[in-house]
Amino acid sequence: QVQLEESGGGLVQAGGSLRLSCAASGRTFSSYAMAWFRQTPGKEREFLGGIRWSDAMTYYSGSVKGRFTISRDNANNTVYLQMNSLKPEDTGVYYCAAGQRSVTDAPGAYDRWGQGTQVTVSS
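Because the structure is a prediction, the values reported are computed rather than measured.

(A) Expanded view of the overall build of the protein. When helices and strands are tallied, the protein shows 0 helices and 11 strands. For the protein, the sequential pattern of α-helices and β-strands runs β-β-β-β-β-β-β-β-β-β-β. Here the C-alpha radius of gyration of the protein, 13 Å, is about what a compact globule of 123 residues would show, namely 14 Å. Across its three principal directions, the C-alpha atoms of the protein cover 40 × 25 × 25 Å. Looking at the 123 residues of the protein, the share that counts as buried comes to 40%. Counted over contacts in the protein with a minimum sequence separation of 6, partners at least 24 positions apart contribute 56%.

(B) Fine view of the state of the cysteines. Following the criterion strictly, the structure yields 1 disulfide and no others. The partner cysteine of C22 in its disulfide is C96, sulfur to sulfur 2.0 Å. Disulfide C22 to C96: torsion about the S-S bond roughly 60°, handedness right-handed. Remark: C96 occurs in strand β9 (residues 92-99) and C22 occurs in strand β3 (residues 18-25); sequence separation between them is 74 residues.

(C) Up close: the side chain of D90. Tracing the backbone through its elements, the reader meets D90 in the loop between β8 (78-83) and β9. Beyond its immediate sequence surroundings of up to four residues, D90 is in contact with R38, R67, F68, S85, V119 and V121.

(D) Examining the environment of S123 more closely. Mapping S123 onto the fold places it in the segment after β11 (117-122). Note on S123: relative accessible area 90%, which makes it exposed. Expressed as a C-alpha distance, the spacing of S123 and Y95, which sit 28 residues apart in the sequence, is 23 Å.

(E) Fine view of the pattern of salt bridges. Inspection of every chain in the model, using the stated rule, returns 4 salt bridges. Put simply, D55 and R52 hold a salt bridge, and the shortest N to O gap is 2.7 Å. Judged by relative accessible area, D55 falls into the partly exposed class, the value being 41%. Between D90 and R67 there is a salt bridge, with the nearest N and O atoms lying 2.8 Å from each other. Taken as a pair, D90 in the loop between β8 and β9 and R67 in the loop between β6 (58-60) and β7 (68-73) lie far apart in primary sequence, 23 residues in all. Each of R38, E46, R67 and D90 takes part in one network of salt bridges that share partners.

About the thresholds
- Sequence order sets the numbering: in each chain, residues are counted from 1 along the sequence as written.
- Thresholds applied to this predicted model are a pLDDT of at least 70 for local features of residues and 80 or more for the giving and counting of side-chain atom pairs; totals over whole chains, interfaces and linings are not thresholded and use all residues.
- Side-chain numbers come from the whole structure's heavy atoms, not from hydrogens or water.
- A run of H or I in DSSP becomes a helix once it reaches four residues, and a run of E becomes a strand once it reaches two; helices and strands are each numbered from the N terminus.
- As defined in this context, the radius of gyration uses C-alpha atoms, and a globule is described by 2.2 Å times the residue total to the power 0.38.
- Exposure is judged per residue with a 1.4 Å probe applied to protein chains only, and the accessible area is read against the type maximum: over 50% gives exposed, under 20% gives buried, and values in between give partly exposed.
- Contact criterion: two residues are considered in contact whenever any of their non-hydrogen atoms come within 4.5 Å of each other.
- Pairs of cysteine sulfur atoms within 2.5 Å are identified as disulfides in what follows.
- Each salt bridge in this description consists of a side-chain nitrogen of Lys or Arg and a carboxyl oxygen of Asp or Glu lying within 4 Å of one another.

Following this line, the structure appears as structure tokens:
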């Protein structure tokens, strides 16, 4: 239905900022919700936030609320994750995902995933 590709990861010092992009491609771009997750070794994939495509309503987990912002660019079929005030514990592989249901924190609710982009925050 849709293919997703993340970009924008890298190495940044604590307190710095990064903006991740998730570009969607394919013949049809029709998803009810898109979300950002991150994963670290030995831990479950963690929900960071999501956006409802119809009206751009956003939702955030408590761990990132106030620091991370999700937005979209309809013209370019792109979703962004602006990350500010980064902390070492934000280190991980960041994924974007798309689904046909409401925004939830459950990875299983999303049926399309990008390949991930590494974010490393140093002390």
